[in-house]
Amino acid sequence: MRRAILCLLGLLVFGPLYGQPPIRVLGSLSDGVSETSGLLFYKDKLLTHNDSGNAPQLFVIDTLSRRVERVVQIENAVNIDWEAMAQDNDYMYIGDLGNVSGLRTDLTVYRIAKNDFDNADAVNAETIIFSYPDQVAPEPNVNSDFDAEAMFVLHDKLVVLTKQWQQNGTTAYTIPKIPGRYTAERWDSLSSIGLVTGATYNEATQLLYFTGYSRQLSPFIYRVEGVLENTVFGGEVTRLAINIGFAQVEGITDVDANTYMLSSEFFERQSPSITFSPTLYSLTTEDMEVSQELPQPITEPEPDVMELVVYQPVGRTQLSYVLPNEHPRPVARAIFSLEGQLLRYQTGDLLLSDTIFTADLPNGTYALTLYFGEFKLTRAFVLY
């Protein structure tokens, strides 16, 4: 959000608190999503929306070109201050959570059926309306601790993480995923961490990642292990150092067990003259390891390799594969470097599609491995 409370003079840059994970700048986003806020990875595409005062629209973005391919209008919604997105198997959720003044009691989450979204460019949403149980109106001209820009799904609940302008921390509140009007339940909190702007809970690893920035626009990512039904931050909370310069990072979404994408919005300041373009990033972690034997560097195909056909259907953004007729579906799939480094590992609903997101991988030769319980199929492929 362009709430320019930020001074970029006299900055003191601190050293990393923990090891720096691999993060890459993928490039600028189009002007149509310059105020990108929420972010989702869905069916090999990115979904986002603009924040306060913009049209109630979702934008479908190609992960390679970063261009908007489709716009979906939410017919019965109003964008007061859209700030977050989340999803489960059947629905996507849009959080109208912006509350910088601390006066709103009509905070809204719009629930959209994925089946409707897949089949029309204009859809209707159901509404989940809530308020905070402990909300207190702030002093005049003082930003509130009951603003929020981050939300994720945890089993049968939605979890909202506040953006505390005074406490410089976050509090986790939960609300049901079912349409209705509720008073949120306060769960947990962290203090003195920065301004929280995005969150995603990875079902494959059961890890929470949330992101934000300091008052000097220095972005951060936190990794939370041990999220439970009644506590969000009760386990190990680790701050990751990321070196992408200054950015107003707003969104984060998981792609697979070890891959995340982040977005930052347009920022401009007149004095001193500073401009940041809306930008897309990828983050690679080592959260999950594959217990099966890693493939060795490939010099020539093994006999079973020829049973697996691998190709790139549209340019460089996706990898697709075809299995022999009547072959069972895999229970997991992975992409390795030829040195045996795990780069992708996917299970569950991601396997319903025979395509894999590859736009953030550098040019080179890789190995795709499909796991079928007691055996596996491997095929080398080249990205260029």
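If you're wondering where the values come from, they're calculated on a predicted model, not measured in any experiment.

## Notes on empty space enclosed by the protein
Empty space among the atoms becomes apparent when a probe as large as a water molecule is rolled across them. On inspection of all chains with the given rule, the structure shows one cavity of 30 Å³ or more. Of the pockets and cavities examined, the largest cavity occupies roughly 60 Å³. What lines the largest cavity is a set of 15 residues, and nearest its centre among them are Leu39, Ala84, Met85, Gly198 and Ala199. Of all the secondary structure elements, the ones that give two or more residues to the lining of the largest cavity are strand 2 (36-42), strand 6 (82-87), strand 11 (147-154), strand 16 (195-202) and strand 20 (249-256). Split by residue class, the lining of the largest cavity holds seven nonpolar, five polar and three charged.

## Observations concerning the packing of aromatic side chains
Summed over the entire model, instances satisfying the criterion amount to 13 aromatic pairs. Plain terms: the ring middles of Trp82 and Tyr110 are 5.9 Å apart, the flat faces sit at 50° to each other, and that makes the pair tilted. Of this pair, Trp82 sits in strand 6 while Tyr110 sits in strand 8 (residues 107-113), and the two are 28 residues apart along the sequence. We classify Trp82 as buried; its relative accessible area is 0%. The exposure class assigned to Tyr110 is buried, which follows from its relative accessible area of 7%. Geometrically, the ring pair formed by Tyr132 and Tyr173 is tilted, given 4.7 Å between the ring centres and 55° between the ring planes. A residue pair is termed long-range when its members are at least 10 positions apart, and Tyr132 in the loop between strand 10 (126-131) and strand 11 and Tyr173 in strand 13 (residues 170-176) qualify at 41 residues. The exposure class assigned to Tyr173 is buried, which follows from its relative accessible area of 2%. One residue, Arg70, lies across the ring of Phe117, its end atom 4.8 Å from the ring centre. We note Arg111 situated over the ring of Tyr91; from NZ or CZ to the ring centre the distance is 3.8 Å.

## A short note on the environment of His155
Along the chain, His155 falls in the loop between strand 11 and strand 12 (157-163). According to the relative accessible area criterion, His155 is partly exposed, its value standing at 41%. C-alpha of His155 to C-alpha of Glu203: the two residues are 48 residues apart in sequence and 9.4 Å apart in space. Those residues in contact with His155, other than ones at most four positions away along the chain, are Lys177 and Glu229.

## Notes on the environment of Phe130
Looking at the element boundaries, Phe130 is found in strand 10. A sequence separation of 22 residues divides Phe130 from Thr108, and the C-alpha atoms of the two residues are 6.4 Å apart. Here Phe130 is in contact with Leu97, Thr105, Asp106, Leu107, Thr108, Val109, Val160, Ile175, Tyr182 and Ala184, once residues within four sequence places are set aside.

## Describing the sheet that holds strand 6
Consider a sheet: its strands pair through backbone hydrogen bonds, and that pairing is either parallel or antiparallel. Overall, mixed pairing links the five strands, which are arranged 6-7-8-10-14 in an open sheet. Unpaired on one side and paired on the other, strand 6 and strand 14 (180-183) mark the two borders of the sheet. Looking at each pair of strands side by side, their axes are set apart by 20° on average, direction ignored. Pairing of strand 6 with strand 7 (residues 91-96) involves five bridges; the strand directions are antiparallel. Bridge assignment links Ala84 to a residue of strand 7, and that residue is Gly95.

## What about the pairing of strand 24 (residues 279-284)?
For a regular strand, the rule is simple: side chains alternate between the two faces of the sheet. Most of strand 24 sits inside the fold, with five of its six residues counted as buried. As judged from the six bridges shared by strand 21 (residues 259-264) and strand 24, these two strands associate in the antiparallel manner. Each bridged residue has a counterpart across the sheet, and for Leu262 the counterpart in strand 24 is Tyr281.

What counts and how
- Residues numbered from 1 in each chain as written.
- Predicted model: local features only at pLDDT ≥ 70, side-chain atom pairs only at ≥ 80, totals over all residues.
- Heavy atoms only, no water.
- 1 Å grid on protein atoms, 1.4 Å probe; cavity = no way out; pocket = protein on both sides within 12 Å on 5 of 7 lines; lining within 4 Å.
- Points joined across faces, edges and corners; volume = space filled by probe spheres on them.
- Helix = DSSP H or I, 4+ residues; strand = E, 2+ residues; numbered from the N terminus.
- Nonpolar A, V, L, I, M, F, W, Y, C, P; charged D, E, K, R; others polar.
- Phe/Tyr/Trp six-rings, centres within 6.5 Å; stacked < 30°, edge-to-face > 60°.
- Buried < 20%, exposed > 50% of the residue type's maximum accessible area, 1.4 Å probe, protein only.
- Lys NZ or Arg CZ within 6 Å of the ring centre and 35° of its normal.
- Contact = heavy atoms within 4.5 Å.
- Pairing = 2+ DSSP bridges.
- Axes fitted to C-alpha atoms, helices over the stretch in contact; angles between N-to-C directions.

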